Amino acid sequence: MQNAEWLLLGIGWLFFLVVFFILIALAYYLAPKEYSKEKLDLYECGVPFVDEAKELNIKFFIIAVLFTLFDVEAIFMYPWAVNFKELGVLGVIELSIFIVFVFIGWIYAWAKGALEWE
Amino acid sequence: MLIYVLTGAIKLLVVFVLLLLYALFMLWFERKALGFIQIRIGPKLVSSGLEGLLQPIADMLKTLWKEDIVPHRADKLVFWLAPVIGAMFPFAAAMAMPFGPPLKIGGSYFYLSVVHVNVGILYILAALGLTSYGVLSAGIASGGNKYSLISAQREVAQMVSYEVVMALALLNPILMAQSLDLYDIVAMQAHHLWFVFYQPVAFVVFLICMFATAAIVPFDLPEAEQELVAGFNTEYSAMKMGMFPFGQFVTILVMSSLMVIFFLGGWTGPIWNGHPWILGFIWYWIKVFFFVFLFIWSWGTFPRYRYDQLMNICWKILLPISVLNILWTGFALIIHIPMI
């Protein structure tokens, strides 16, 4: 039955994609279109434009890398949680060792200043 | 299999309509509740007998006929795609969200969610996580608008940071129920106390993450009006702009239902042990709507955190607390294993 559920999820994603696209396309079609050069300028005028690729702050990339690391670590604990009874005491001990490694990584990131915002 | 997919498709349509109605209701409820908090009246004139309940429908119709401006500097394809993505993934997450207790018909159960996958919580977290793509692409496609870009970066960094902590906080109830299936987790709580009594720390951590991932007021840095105009959707107009709050409202609903299912016993209540079905349904929605209201309440009550404070709370306080909490839960469960 699980296969049917995942098929249904795929159908649902496509359905939402199409419906929402139709909704904004419909709004675009219904709306008046009296454009002029000034109207098509950026709404937030008066401030200089930025170059998207260059203006992304490096801090956010560091956060993204940390997210990847720590989220994988969080997801890594999920199978353990589901099979908790089977793994028993040994599982908890192994997870403790794993968490020590997580903490070493976390302290390293902090010491390197990855968590600081000025 | 075919009949199964057909029932699912019907459920999908019903859920879609319900979510749209819910989003419209929230547009009204948000303004009304905020008005109440700020000692104003709020929307009142449209359908005056119903306290302005039809206001969002009027707004919606008006939005459909508003001029739709795509700035000429914008990246057209991504600019069009961003609102669709931003609204689509919260709705996709809501597909796995239970809308009530399972109905027992004959010998089998009828589940009140579009799909019933055995890794429900992983799916919901993944789908909600993908919402940040909508925000990020909205900011990047805006054609070099400084404020859109800054706001998009902020929101994505905030969402992903708190997602780590949220996954860790949700691990504690999962550890106690030993299942990723939302229905199993509620069934577990029907036989024991609610998980909030076993896991108060995880409850508080998840409560904070709930506000942060939905970008609601103590953590609404991406939409800090004083600094960033209107946030990542500054350049958007007409229906495209309307899609983002739609997505946000559905995110709020999904978050509230996760909260209720994981910590507050889902459809179990003090005076309910499985029958009648309708009582469980009412319990569930009372609890969910309490949290939905809590979002708006905090919206009208709290001031905003600074961005460095926001990130410090997440990475320096909540992360170690929730990791240690998991370890503690593990040890406690090993000692009390006959209990579960």
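Since this is a predicted model, take the numbers as computed values, not measurements.

1. Here's the deal with the packing of helix α1 (residues 2-30) of chain A against helix α1 (residues 2-37) of chain B
Okay, so step 1: Relative orientation of the contacting elements α1 of chain A and α1 of chain B amounts to 40°, with a least axis distance of 10 Å. Crossing geometry of α1 of chain A relative to α1 of chain B is assigned as right-handed. Note on element contacts: α1 of chain B touches α1 of chain A through Tyr4, Val5, Gly8, Ala9, Leu12, Leu13 and Phe16 of chain B, opposite Ala4, Glu5, Leu7, Leu8, Ile11, Gly12, Phe15, Phe16, Val19 and Phe20 of chain A.
Okay, so step 2: When its residues are assigned to classes, the contact of α1 of chain A with α1 of chain B shows 14 nonpolar, two polar and one charged.

2. Quick word on the domain arrangement of chain B
All names here are of chain B.
Okay, so step 1: According to the domain assignment, chain B consists of domain 1 (1-65) and domain 2 (66-334).
Okay, so step 2: Centre-to-centre, using C-alpha coordinates, domain 1 lies 19 Å away from domain 2.
Okay, so step 3: With 22 residues of domain 1 at the contact, the number on the domain 2 side is 24 residues.
Okay, so step 4: The junction of domain 1 with domain 2 conceals about 2300 Å² of combined surface from both sides, 84% of it contributed by carbon and sulfur atoms.
Okay, so step 5: A per-residue breakdown of the area domain 1 buries against domain 2 is headed by Lys11, Leu19 and Tyr22, which together make up 26% of the total.
Okay, so step 6: Where domain 1 meets domain 2, there are zero salt bridges.
Okay, so step 7: The tally of links from domain 1 across to domain 2 stands at five residue pairs in polar contact (both at pLDDT 80 or more).
Okay, so step 8: Counting only elements with at least two residues in the side of domain 1 that touches domain 2, the list comes to α1 and α2 (55-64).

3. A word on the interface of chain B and chain A
Okay, so step 1: Between chain B and chain A, the contact holds 84 residues from the first and 70 residues from the second.
Okay, so step 2: Roughly 7600 Å² of surface becomes buried between chain B and chain A when both sides are summed, with 80% attributable to carbon and sulfur atoms.
Okay, so step 3: For chain B, the biggest contributors to the area lost against chain A are Glu67, Trp315 and Lys316 of chain B; these three give 9% of the whole.
Okay, so step 4: The interface formed by chain B and chain A holds zero salt bridges in total.
Okay, so step 5: Sorting the residues of the side of chain B that touches chain A by element identifies α1, α3 (76-94), α4 (120-141), α5 (146-177), α10 (238-263) and α12 (307-335) of chain B as the ones contributing at least two each.
Okay, so step 6: Taken together, the residues of the side of chain B that touches chain A break down into 59 nonpolar, 14 polar and eleven charged.

4. Points about the pattern of salt bridges
Residue and element names in this part refer to chain B.
Okay, so step 1: Taken as a whole and assessed by the stated rule, the structure comprises three salt bridges over all chains.
Okay, so step 2: Taking the shortest distance from any N to any O, the salt bridge between Asp59 and Arg31 comes out at 3.2 Å. Pair noted here: Asp59 is in helix α2 and Arg31 is in helix α1, with a separation of 28 residues, a long-range link.
Okay, so step 3: Judged by its relative accessible area of 24%, Asp59 is partly exposed.
Okay, so step 4: The class for Arg31 is partly exposed, based on a relative accessible area of 36%.
Okay, so step 5: Asp308 is paired through a salt bridge with Arg306; the nearest N and O atoms lie 3.1 Å apart.
Okay, so step 6: Classification of Asp308 as buried rests on a relative accessible area of 19%.

5. Let's talk about the confidence of the model for chain B
Predicted coordinates in regions of low pLDDT should not be interpreted in detail.
Residues and elements named next belong to chain B.
Okay, so step 1: The predicted model of chain B averages 84 in pLDDT, with 94% of residues at 70 or higher.
Okay, so step 2: Element-level mean pLDDT values for chain B span from 65 in helix α9 (residues 225-228) up to 90 in helix α8 (residues 200-213).
Okay, so step 3: Interface confidence in the predicted complex, given as ipTM, is 0.85; pTM for the same model is 0.90.

6. Quick word on the nonpolar core
Note that soluble globular proteins tend to have their nonpolar side chains buried in a common cluster.
Okay, so step 1: The biggest cluster of nonpolar side chains holds 149 residues, and the ones touching the most others in it are Phe20 of chain A together with Phe206 and Phe262 of chain B.
Okay, so step 2: Of all the elements, α5 of chain B adds the most residues to this core, at 17 residues.
Okay, so step 3: A domain-level breakdown of this core finds at least three residues from each of domain 1 (1-65) and domain 2 (66-334) of chain B.

7. Regarding the layout of surface pockets
All names here are of chain B.
Okay, so step 1: In this structure, the largest pocket occupies an estimated 1300 Å³ of space.
Okay, so step 2: The wall of the largest pocket is formed by 50 residues, among which Asn233, Met241, Gly242, Phe244 and Pro245 lie closest to the centre.
Okay, so step 3: Broken down by element, the residue count for the lining of the largest pocket peaks at eleven residues, all from α10.
Okay, so step 4: Its residues assigned to classes, the lining of the largest pocket comprises 25 nonpolar, eleven polar and 14 charged.
Okay, so step 5: Taken domain by domain, the lining of the largest pocket gets at least three of its residues from each of domain 1 (1-65) and domain 2 (66-334).

8. Some words on unusual backbone geometry
Residue and element names in this part refer to chain B.
Okay, so step 1: Positive phi, close to 55°, is recorded for Ile39, a residue that is not glycine.
Okay, so step 2: Among the structural elements, Ile39 can be located in the loop between α1 and α2.
Okay, so step 3: Take Ile39: its relative accessible area is 78%, and that puts it in the exposed class.
Okay, so step 4: The residue Gln178 is not glycine, and still its phi comes out positive at about 55°.
Okay, so step 5: Here Gln178 lies in the loop between α5 and α6 (182-191).

Definitions and limits used
Residues numbered from 1 in each chain as written. Chains lettered and ligands numbered in written order. Predicted model: local features only at pLDDT ≥ 70, side-chain atom pairs only at ≥ 80, totals over all residues. Heavy atoms only, no water. Axes fitted to C-alpha atoms, helices over the stretch in contact; angles between N-to-C directions. Helix = DSSP H or I, 4+ residues; strand = E, 2+ residues; numbered from the N terminus. Left-handed = near helix turned anticlockwise from the far one by under 90°. Contact = heavy atoms within 4.5 Å. Nonpolar A, V, L, I, M, F, W, Y, C, P; charged D, E, K, R; others polar. Domains from an automatic or database assignment. Buried area = accessible area lost by both parts, 1.4 Å probe. Salt bridge = Lys/Arg side-chain N within 4 Å of Asp/Glu carboxyl O. Polar contact = N/O pair within 3.5 Å; in protein donor to acceptor, adjacent residues only side chain to side chain. Buried < 20%, exposed > 50% of the residue type's maximum accessible area, 1.4 Å probe, protein only. pLDDT = per-residue confidence, 0-100. Core = buried A, V, L, I, M, F, W, Y, C linked by side-chain atoms within 4.5 Å. 1 Å grid on protein atoms, 1.4 Å probe; cavity = no way out; pocket = protein on both sides within 12 Å on 5 of 7 lines; lining within 4 Å. Points joined across faces, edges and corners; volume = space filled by probe spheres on them.

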